[in-house]
Structure formats: structure tokens, C-alpha cells
Amino acid sequence: MDNDEIGGVIRFVGIDGNYYNITDVQEKTEELKSYINNTLPGILSDLQGQLDGVIEQWFYSEDPKPLNTDPTATPNEPAKGWIDADTAAGTDEEKEKHLGDLYYNTSSGKVWRYVKEMYFTPPPFAGAVPGRKYRYVWVELEDTELAQALALAQDALDAANDKAKIFVSTPYTPYYIGDLWVQGSTGDILRCKKERLTGAFNSGDWEKASKYTDDAALTNFINNNFLPTVSDIEDQIDGKIESWFQTTDPSENWTTTAEKRKHIGDMWYNSSTKTLKRYRQNPISLIDPSTGTVIYNFSWQTIEDQKAIDAYEAANQAQDTADRKRQVFVSTPYGPYDVGDLWLRSWTDSTRVARKDLYRCITGRTSGYNINDWAEATFYDNTQVTIDRGIVTAGTVQLANGNSQSIVAGITGGESEAANEKEERKVRIWAGASKVNRFTAPYRVLQDGSFVATKADIKGKITATSGRFKGEIEATSGRFNGAIGTPYKQLSGSSTQWPGVETGMNMMIISASQATVGVIMPIYVEMDGIEADIINVCGTDCLITMPISIDINNDTQPHFWYRRQKITHIQLGANCGRVRLKAFIKPGTANVSWTILNTADLQLVQSGSGKSYFVKSI
């Protein structure tokens, strides 16, 4: 910061992940948003295998039935209607028509796909071949991107009757306002603007879904990256995705078809070439002419999406794990997890807006879970300042004082701070010192939430579990609840005791040797207003005196006071004799005197000479 100006390199981050100078204008921001909201749900229809040329998306607030994990459950809508129709017709035609349909739970955000699943029945007798049958079930898709796309579809489409159609060939009636027609890679995406329930197709019922310009990069990502990912995750047989961070091809160790199929959907980030790839089974397989067996073909597909590449670079920068791979969680993470692991998080923010974000682990944990262990999966370069849609990101911001011409305060994210830096040195905000001296600044806030303030004027409610006060405490109203006091300091030595504020003014005489030497009360002015409580639990009387020879006729001297009577000393009786005293400065004196508060526990006694008095326990 210099003369109220921001110096250095300032760059803006575009929606494509690239950096732009301040003169660059992102003209396609709104067009890109329109493309995702209005077009992406239609492109999902590119999934193949439909008998009727249409994939339907179903939106309900409960999970579908039957699931592949519970195939005997009683079906609910929409599958119930298909099953009832087929039962009446004695065919599977209706269920076949709906293979590939997607079901979105509007409450949980989970997605299922309707599939035909083969299963085996027990053999009728020993040695017989098990029977092979098929059943129709819903299979959950563990894919956050697909769930997000369907959530967009739910918002963008007119989901009348809890569904919206996407036609991949010429539409046929009935079709409704909001239905989509994907004409293919060279055609347009059209939206139904006029409902037609019967009769022939009419092209006048359809119009372009949105006025968007051709964005070849985004279209290429959706067609070549996004849709294959949906298919790949459906083909997963071990239910997880692994991310590999290494310069050599991890698939070289996958030698069997079964092993390769386990890794469908795995991601490989080459930290040397900065390339990101996904492992997939190619749609076209070969047949060995000599044996007739199918030869499956697997390969790595390059991901061109810069945001995805940046996320994996952030994970790679976080920590190099021993096995060169990281976990990807699709639900709330649970330990063990390590720095650099990823989490596809579906959540609702404080404004009740449903969010779907990619997070990375910044603090490892062997068991359990803590939300603060995770941060958004963006790699922030603290060597430059960036302004991204109103958010300023920097490594350190220092504030200079115009009079001293020096740094007096600042904020830092740690810059080159070591990963194992001590907590007391993780100063994030400081004031009253230069950056190099921030560890001893009079005001500093640490990463763990603790702070130090040598001067503080705090207004409002303070909640604390413990603390220590030194000096005077003033309260104009309110009350203290519970037991408040200073524990008694036990005295058992044989030397004269001088109680003080630092050591505690509550004392307990527990030995005859201590009672014999007695207790001397301090008289320095700093004791003004302090109370003392002394109890003698031993079997010997104890004398309490002052460090001077008291003359009760000398008004300039400090004295003990008992009911307006000056006395020379206190004789504290054995076996729990007790005295409570309070210090005060009498006008005309240079030291504090002590007045007895519990006068009912003591009685006045005249000295043997008859010229002075003292008190003793009753």
C-alpha cells in the first residue's frame, strides 16, 4: 500500500479460470449462465438406449422404489405405473421404455437411474446351473455434478406432473410447455412453447431454448467430459473414485479387466505436465475372432476444464501423500482423511440456498470429522493480488503510518509459514508493531481464535470459563453468582509471614511453629481497599501485628481499629479463631491502617500497663 493506492500486479480471474487484466471484459458471463441453466439439462439426454427416443426426469420428495439394494420393496411412483401397465399387458414393454430415466429427490438432492439388472436364482438341484433372470430397479448415482444438473433442470423446466421430457428425436404428442428437444450436435436445442396433447407433431410449437452464442469450449466440455463422467460413474463396481497424483501412468499396474473396471472414473493429475485425465471404458469393444470373447478397451481421457485442473493443482500443492493418491468424498467425510483429499459437498447455506461445492482437506484427521478441516478447493497464490468478482485475495496486507513512515498493522495468511509452525506464532491480524515483530504486537489475533490485547475496552456480554484479574474491578450493577473467593493459603513455617496481593490475602495458620512467630500485616499504600481473612486452626494462639512499634496516641501512625478504638495488636485464638480485616488510608497518615470487620468474634482487652488495648478471640 502506498499513498492510498494498491501497488503490484492486479489481475481478475475470469469464469474460465484464466487471469485477465483490468481492461479485459468478460462479455459472455450472462450467456454462460443462460447456457448452463437452460441447455445443460437437455444435453443430459444424450444418454443412449431408449426405445421411445425420450428420457424422462422425475422429481419427487422421497426416494424411489424398488432400489437395487432392496429389489423386493413395494414400488412407488413412477415405477409403480409402469409395472402395473406391464402386468396387465403381460409384457415388459413399459419398463423397457423407461430404462435410463433419471429420478431426482428434491429433498435430499440424490439421483437414481432406472436400469435392467441381471441376477441369479439358486440351482434347482446340486450340480445344476443357477438360473439367470432380470429385474428393473433404481440405482443411485454417486455423482454430484449430475445431481447439480438435475437441480438446475428442476428450476429451469416447467415440471408439470412432476416430470419434464427431453426428446432426442422428433417429438411426438403429448408434449408440454417446458419440454426440450435436442436436435443433435449440429442442430439446436428447442423448448416447447405450446402444449399439444394429441395429433401430429407441429414444428410451430417449438422455439430455441435460449438466445446463446456458440461457446465451443463449454459445449466440448459437456459433450466430451461431463456426459462420459455420468456414464463412467454408473459403471463403477467398487463405488469410489480415486485421484492419482504422479508423473507415471497409474493404469500400468491394472492388468486384468476386473481391476481396470474398478478404476473407471478415477482421476490422474500429472504434476509435471499439469494435465488432468479420467479413466474410462471406451464405448466400442473388440471381439477376439479366434475365441469370440469380448476385449474391453480402456483409456485415459484428457479433461480440458480449467476449473477442474485448478482444483487438482490445489490438492497437489497441499501435500504429497505416501501412496500418491487421495480420497474423494461424496458425503460428509469421516476419518481417516488426509491433507489434499477432496469432498464434493452438497449443503444449504445460511440464506437457505442449496449449494454444491468442491472442498479440499487442509487438516488431516485420523477419526471423526470437523468442518474446519475443509476449505474450498481453490489454490490461492499469495505472491499476487487478485480481485475475483468483488473478492480480494492476497498473501499479506500491511498498513503504513504516515507520520512514522513504518508498518504499524497488517493481515497475513501465513505466506511461507511452515506447516508445523507453532500455534502461538500463527498471527493472522496484528496492530502496534511491524510485520517482523507481529508475534509480540500489543494486539494480535491467532489462527486458533485466541487473541492478545494489552489494552481493551470491551462493551457487551463476555463469556469465559476462567481468568485472572490484577488491580481494581468496578461494577455499577449486576451480581456474581456462585462461590467467589480466594483459597486460603496454608502457613506452617516458622518465619514471619507478610501477606500480599500477589500471594493471596486469605491465610490459614496450621502449625504451632507458625502461630508462635505470628503474622505481620503490610502497611504500604497499594493495600488500600484490600480485605484479608485469617483463621488459626492450630492449638496455639497467634499474634497479628504491624511492622512498626505502634503508639496509639500518635495519629500519624497506622493502627488496628476495633469499634472506633485504636489497638496495638490482635490475639487470634487457637482452634479456629478468625479475624476479617480491611485496609484503608486515614487522612493525615502515609500508610494504611486495618479495621476489624467481624467485631462480634473478638473482645477488647486493656493492656497490663493500662495505657493501650488489644483484642482477642472470644
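If you're wondering where the values come from, they're calculated on a predicted model, not measured in any experiment.

### What about the side chain of Q557?
In step 1: The topology assignment puts Q557 in the loop between β32 (542-545) and β33 (560-562).
In step 2: Relative accessible area serves as the criterion here: at 18%, Q557 is assigned to the buried category.
In step 3: Apart from the residues within four sequence positions on either side, Q557 is in contact with I548, S549, I550, D551 and T589.

### Considerations on the pattern of salt bridges
In step 1: Throughout the structure, instances matching the rule amount to 15 salt bridges.
In step 2: The salt bridge involving D555 is made with K566; its shortest N-O contact spans 2.7 Å. Placement of D555 in the loop between β32 and β33 and of K566 in strand β34 (residues 565-567) is noted, with a sequence separation of eleven residues between them.
In step 3: On the basis of relative accessibility, which here comes to 17%, the residue K566 falls in the buried class.
In step 4: If you follow the salt bridges from partner to partner, you end up with D86, D92 and K95 in one network.

### Some thoughts on the sheet that holds strand β37 (residues 592-596)
In step 1: Taken in spatial order, the seven strands make up an open sheet running β28-β29-β31-β36-β37-β33-β34, and their pairing is mixed. At either margin of the open sheet sits one strand with a lone partner, and together these are β28 (489-491) and β34. Looking at each pair of strands side by side, their axes are set apart by 30 degrees on average, direction ignored.
In step 2: Of the strand pairs in this sheet, strand β31 (residues 531-536) and strand β36 (residues 577-585) are connected by six bridges, and their pairing is antiparallel. Each residue of the ladder has a partner; that of N536, found in β36, is G577.

### Side note on the environment of E304
In step 1: Residue position: E304 is located in the loop between β16 (298-303) and α8 (306-318).
In step 2: Accessibility expressed as a relative area gives 53% for E304, which makes it exposed.
In step 3: Each C-alpha atom, one on E304 and one on L276, is 7.7 Å from the other, the two residues being 28 residues apart in sequence.

### Focus: the packing of aromatic side chains
In step 1: Inspection of the entire model under this criterion finds 22 aromatic pairs.
In step 2: Here Y114 and Y136 contribute two aromatic rings whose centre-to-centre distance is 6.3 Å and whose plane-to-plane angle is 25 degrees, an arrangement assigned as stacked. One end of the pair, Y114, is in strand β5 (residues 111-121); the other, Y136, is in strand β6 (residues 131-141), and 22 residues separate them in sequence.
In step 3: Taking 6.0 Å as the distance between ring centres and 90 degrees as the angle between the ring planes, the aromatic pair formed by W343 and Y369 counts as edge-to-face. Of this pair, W343 sits in strand β18 (residues 342-348) while Y369 sits in the loop between β19 (354-361) and β20 (374-376), and the two are 26 residues apart along the sequence.
In step 4: The exposure class assigned to Y369 is partly exposed, which follows from its relative accessible area of 36%.

### Focus: the nonpolar core
In step 1: One finds M521, F560, I570 and W594 to be the most contacted residues of the largest nonpolar core, which totals 30 residues.
In step 2: Ignoring sequence-local partners within four residues, the contact set of I570 consists of C542, L543, I544, F560, V579, L581, I596, L602 and V615.
In step 3: Ranked by size, the runner-up nonpolar core spans eleven residues in total, among them Y103, W112, Y114 and W138.

### Overview of unusual backbone geometry
In step 1: The step from K65 to P66 runs through a cis peptide bond, and the omega angle for that step is 0 degrees.
In step 2: Here P66 is to be found in the loop between β3 (54-60) and α3 (79-89).
In step 3: Between T173 and P174 the backbone carries a cis peptide bond, its omega angle lying at 5 degrees.
In step 4: Mapped onto the fold, P174 is located in the loop between β7 (163-167) and β8 (180-182).
In step 5: With a phi angle near 65 degrees, R564 is a residue other than glycine that sits in the positive phi range.
In step 6: The residue R564 is located in the loop between β33 and β34 in this model.
In step 7: For R564, a relative accessible area of 81% translates into the label exposed.
In step 8: Unusually for a residue other than glycine, C576 sits at a positive phi of about 80 degrees.

### Description of the sheet that holds strand β35 (residues 570-572)
In step 1: As summarised here, the arrangement of the five strands in space is β30-β32-β35-β39-β38, forming an open sheet in which the pairing is mixed. The open sheet has two free edges, formed respectively by β30 (519-520) and β38 (602-606), since each of these has just one partner strand.

### Comments concerning the pairing of β32
Both faces of the sheet carry side chains from a regular strand, because those side chains alternate between them.
In step 1: Only one face of β32 is covered, namely the one carrying C542 and I544; the face carrying L543 and T545 has none of its residues buried.
In step 2: As judged from the two bridges shared by β30 and β32, these two strands associate in the parallel manner. Paired with V519 across the two strands is I544, which belongs to β32.
In step 3: Looking at chain direction, β32 and β35 are connected through three bridges and run antiparallel.

### Here we look at the environment of T589
In step 1: You can see T589 is positioned in the loop between β36 and β37.
In step 2: Residue T589 is classed as buried on the basis of its relative accessible area, which comes to 14%.
In step 3: The spacing of T589 and Q557 is 32 residues in sequence and 6.2 Å in space, taken between C-alpha atoms.
In step 4: Setting aside chain neighbours within four positions, we find T589 in contact with D555, T556 and Q557.
In step 5: There is a polar contact of 2.5 Å between the side chain of T589 and the backbone oxygen of K586.
In step 6: Polar contacts involving the side chain of T589 include one to the main-chain carbonyl oxygen of N591, which spans 3.4 Å.

### Some words on the state of the cysteines
In step 1: Taken as a whole, this structure holds zero disulfides when the rule is applied.
In step 2: Not part of a disulfide, C542 finds its nearest cysteine sulfur in C538, a span of 7.2 Å.

### Re α3
In step 1: Along α3, the positions that sit buried rather than exposed are A79, W82 and D86. End-on view of α3: buried residues confined to an arc of 65 degrees, all on one side of the axis. In α3, the exposed positions angled more than 90 degrees off the buried face are occupied by T87 and A88.

### As for the confidence of the model for the protein chain
In step 1: Residue-level pLDDT values for the protein chain average 75, and 68% of them are 70 or greater.
In step 2: Low confidence marks residues 21-36, where pLDDT is under 50. Its contacts with residues over four positions away, or in another chain, come to 25 contacts.

### Some details on the environment of Y359
In step 1: Of note, Y359 is situated in strand β19.
In step 2: Using a relative accessible area of 8% as the deciding quantity, one classes Y359 as buried.
In step 3: Y359 sits 16 residues away from A375 along the chain, and the two C-alpha atoms are 5.3 Å apart.

### Section: a nonpolar patch on the surface
In step 1: A cluster of nonpolar side chains, namely V397, L399, I411, I429, Y443, F451, I458 and I462, defines an oily patch on the protein surface of about 740 Å² accessible area.
In step 2: Relative to the elements of secondary structure, V397 occurs in strand β23 (residues 396-401).
In step 3: When its relative accessible area of 36% is taken as the criterion, V397 is described as partly exposed.

About the cut-offs
Residues numbered from 1 in each chain as written. Predicted model: local features only at pLDDT ≥ 70, side-chain atom pairs only at ≥ 80, totals over all residues. Heavy atoms only, no water. Helix = DSSP H or I, 4+ residues; strand = E, 2+ residues; numbered from the N terminus. Buried < 20%, exposed > 50% of the residue type's maximum accessible area, 1.4 Å probe, protein only. Contact = heavy atoms within 4.5 Å. Salt bridge = Lys/Arg side-chain N within 4 Å of Asp/Glu carboxyl O. Pairing = 2+ DSSP bridges. Axes fitted to C-alpha atoms, helices over the stretch in contact; angles between N-to-C directions. Phe/Tyr/Trp six-rings, centres within 6.5 Å; stacked < 30°, edge-to-face > 60°. Core = buried A, V, L, I, M, F, W, Y, C linked by side-chain atoms within 4.5 Å. Polar contact = N/O pair within 3.5 Å; in protein donor to acceptor, adjacent residues only side chain to side chain. Disulfide = S-S within 2.5 Å. Arc of directions from axis to C-beta. pLDDT = per-residue confidence, 0-100. Patch = residues over 30% accessible without salt bridge, like charges linked within 9 Å, V, L, I, M, F, W, Y side chains within 5 Å. Areas by Shrake-Rupley, 256 points an atom, 1.4 Å probe, with all protein chains shown as cover.

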